[in-house]
Amino acid sequence: MYRVLVPAVLSLALAGCSMASYSLTAGFANSGQPAPRTRTPETGSIDRPATRAVAKADDKAPKGTFEKAPTGALSDRDYSGTRLDAERARDIVNTYRKTKGLRPLQLQPALTEAARAHSRDLAKWDRISHFGSDGSNPWDRVKRAGYPAKLAAENVGTGQASVEEVVKGWQASPGHNKNLLLPDAQHMGIALVQDTKTEFKTFWTLVIGSPL
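Note that the structure is predicted; figures quoted are calculated from it, not measured.

## Concerning the nonpolar core
Link 1 in the chain: Counting 24 residues, the largest nonpolar core has L84, V163, L180, M188, I190, L206 and I208 as the members making the most contacts within it.
Link 2 in the chain: Elements that contribute at least two residues to this core include exactly α1 (86-99), β7 (149-158), α4 (163-172), β8 (187-194) and β9 (202-211).
Link 3 in the chain: Per-element tally for this core: the top contributor is α1, with five residues.
Link 4 in the chain: Not counting chain neighbours up to four residues away, the residues in contact with M188 comprise A89, R90, V93, L105, Q106, L107, Q108, L111, T112, L206, V207 and I208.

Next up, the structure:
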């Protein structure tokens, strides 16, 4: 049985307020054969686009499937030290899974590429969603990256300044926490795109899966 689980978390730090979390959930059908494998380095380096494309009429994401940040909502946050170390992120997730008696996840290049592609797309459009601007869903992106999944799950976060912050937010949300603790999962990929010109500032994507 194929399945895809895709909660997302949106976090905004508002002046005078605690962190607010919002959840988007969706389920997607899946079909067809996996695409040829795309090999990419398992790096956790931050992805800083040199230029941010202006998103206009080519948007194919269904209406109502994404959130935008209020203007200036995160302008008072310091992102100067924000970075992603993929191995540290893996260790944080695995330490949490260990407390629940679950096996550790391994970093997987194709899932990392799927995560990176989605974070780039979210940054381009300055929004949070499980749908890409081409209309793709998480299952589509995992297939494109060449991962032959029998299980795929995606968590998305925006606005967090550290991997510790985004994982903590996922743990506090039942749907995202369920993805972190999927007992059948074997692999993960995680990506961060940071763009100071956007309202959301940071775009985190975690993809978890197990192969056929």
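## Digging into helix α2 (residues 109-125)
Link 1 in the chain: A rise of 1.5 Å per residue sets the reference length of α2, with its 17 residues, at 24 Å; its end C-alpha atoms lie 25 Å apart and thus fit the reference within 8%.
Link 2 in the chain: Among the 17 residues of α2, 13 are classified as buried, and the element is accordingly described as predominantly covered.
Link 3 in the chain: Where α2 begins, the side chain of Q108 points an oxygen toward the backbone nitrogen of A110, at a separation of 2.7 Å.
Link 4 in the chain: Where α2 ends, the next residue or the one after it, D126, has phi of about 55°, a positive value.

## What to know about α1
Link 1 in the chain: In a regular helix each residue adds 1.5 Å, so 14 residues correspond to 20 Å; α1 covers 20 Å between its end C-alpha atoms and thus fits that length.
Link 2 in the chain: For α1, the full list of buried residues reads A86, A89, I92, V93, N94, Y96 and R97.
Link 3 in the chain: In this structure, the buried residues of α1 make contact with β5 (106-107), α4, α5 (174-180) and β8.
Link 4 in the chain: Sitting at the head of α1, D85 places a side-chain oxygen 3.0 Å from the backbone nitrogen of E87.
Link 5 in the chain: With its phi angle positive at about 75°, G101 sits one or two positions after the end of α1.

Each value, and the rule that gives it
Residues numbered from 1 in each chain as written. Predicted model: local features only at pLDDT ≥ 70, side-chain atom pairs only at ≥ 80, totals over all residues. Heavy atoms only, no water. Core = buried A, V, L, I, M, F, W, Y, C linked by side-chain atoms within 4.5 Å. Buried < 20%, exposed > 50% of the residue type's maximum accessible area, 1.4 Å probe, protein only. Helix = DSSP H or I, 4+ residues; strand = E, 2+ residues; numbered from the N terminus. Contact = heavy atoms within 4.5 Å. Expected span 1.5 Å × (residues − 1). Polar contact = N/O pair within 3.5 Å; in protein donor to acceptor, adjacent residues only side chain to side chain.

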